[in-house]
Amino acid sequence: MTDAAMTDAATSGPGSLDDPTTGITEALSRVAPRLREIRQARGMTLSEVAEETSLSVSTLSRLESGGRRPSLDVLLPLARCYRVPLDDLVGAPSTGDPRIHPKPVKRGDRVYLALSRATDGMQAFKVLVAPQRPSDRDKPVTLRVHEGTEWCYVLAGRLRLQLDDDVTILEAGEAAEFDTTRPHSMTNDGDTTLEILSLFSRQAERSHIHETG
């Protein structure tokens with residue numbers, strides 16, 4: 001075989017550098033550790049992910065161990081659960097577009113829009129809180145306690161922040177930071193939609209996004 005023929009054989013056909021299936025196989029091989037990495041960075045168990053995605057624990061375990069080939073029908077709900085672009089799950093190279101395309105997540109009376117792609121550390125959100133109904137204004141506020149820290153900045157409306165027995169009203173342009181191991185609540189104290197920017201630690205994010213019904 002001539003040198004030219006050897007070169008042609010090495011750069012064409014199944015398993016060669018030019019074979020598109022080689023790149024696909026390599027990309028899929030990176031999905032399993034990537035899924036485990038993102039889930040652990042989120043601080044979620046397989047059971048918690050299964051509950052949110054309607055995928056079975058055994059399916060998730062096989063995906064993370066490489067025992068099941070990933071497909072769109074399982075990757076799409078996982079991308080929604082972890083709030084990351086599908087490309088992040090498969091470790092696709094960056095397209096060069098730095099923009100964030102937030103997808104709203106509704107929890108009770110509020111809507112969360114992730115403004116950062118971080119899977120660990122602090123995560124940035126825009127939060128929209130609907131005004132309370134008149135019949136709910138006199139009801140006792142439920143205080144929550146969980147690990148983590150939180151920072152918030154009021155863009156519009158009035159925020160009622162309660163820490164233990166202390167109540168602070170924040171207007172547009174004001175910010176607050178607190179330890180979420182203190183009993184706390186954040187409610188809309190006005191008649192219009194409350195808009196805030198929030199930075200959640202990973203633990204606080206789990207409480208707000210994943211555990212709130």
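Provided above is the structure to which this section pertains.
The residue numbers shown here count from 1 along each chain, following its written sequence. With pLDDT at 70 or above as the cut-off, local features in this predicted model cover only qualifying residues; side-chain atom pairs require 80 or more to be listed or tallied, and sums for whole chains, interfaces and linings still use all residues. Note that water and hydrogens are dropped before the side-chain values are worked out from all heavy atoms of the structure.

Draft legend 1. Layout of the packing of aromatic side chains. Only rings of Phe, Tyr and Trp enter the pairing, Trp through its six-membered ring, and a pair is recorded when the two centres are within 6.5 Å. The plane angle decides the type: under 30 degrees is stacked, over 60 is edge-to-face, the rest tilted. For the structure shown, the criterion picks out two aromatic pairs. Consider the rings of Tyr112 and Phe125, whose centres lie 6.2 Å apart with planes at 85°: the pair is edge-to-face. Highlighted residues: Tyr112 in strand β2 (residues 110–114) and Phe125 in strand β3 (residues 123–129), separated in sequence by 13 residues. Look at Trp151 and Tyr153: their rings are 6.4 Å apart centre to centre, the planes differ by 10°, and that puts the pair in the stacked class. The buried label applies to any residue whose accessible area, calculated with a 1.4 Å probe on protein chains only, is under 20% of its type's maximum; exposed applies above 50%, and partly exposed to all values in between. With relative accessibility at 28%, the residue Trp151 sits in the partly exposed group. Residue Tyr153 is classed as partly exposed on the basis of its relative accessible area of 29%. Strands here mean DSSP runs of E at least two residues long; helices mean DSSP runs of H or I at least four residues long; both are numbered from the N terminus.

Draft legend 2. The sheet that holds strand β4 (residues 149–156), seen in detail. When DSSP locates at least two bridges between a pair of strands, those strands are taken to pair. The antiparallel open sheet is built from six strands, whose spatial order is β1-β2-β3-β9-β4-β7. In this open sheet, the two strands that pair with only one neighbour each are β1 (105–107) and β7 (175–179). Across this sheet, the average inter-strand angle for adjacent strands is 25°, counted without regard to direction. The sheet contact formed by β4 and strand β9 (residues 194–200) spans six bridges and is antiparallel. Residue pairing for β9: Ala156 is matched across the bridge by Glu195. As a rule, the C-alpha atoms of each element are fitted with a line to give its axis, helices using only the stretch in contact, and angles between N-to-C directions run from 0 to 180 degrees.

Draft legend 3. The arrangement of unusual backbone geometry in detail. Phi is positive for Ser54, which is not a glycine, with a value near 65°. Within the fold, Ser54 resides in the loop between α4 (46–53) and α5 (57–65). According to the relative accessible area criterion, Ser54 is exposed, its value standing at 69%. The backbone of Asp164 shows a phi angle near 60°, a positive value even though the residue is not glycine. For Asp164, the location among the structural elements is in the loop between β5 (159–163) and β6 (166–170). Overall, the relative accessible area of 30% leaves Asp164 in the partly exposed class.

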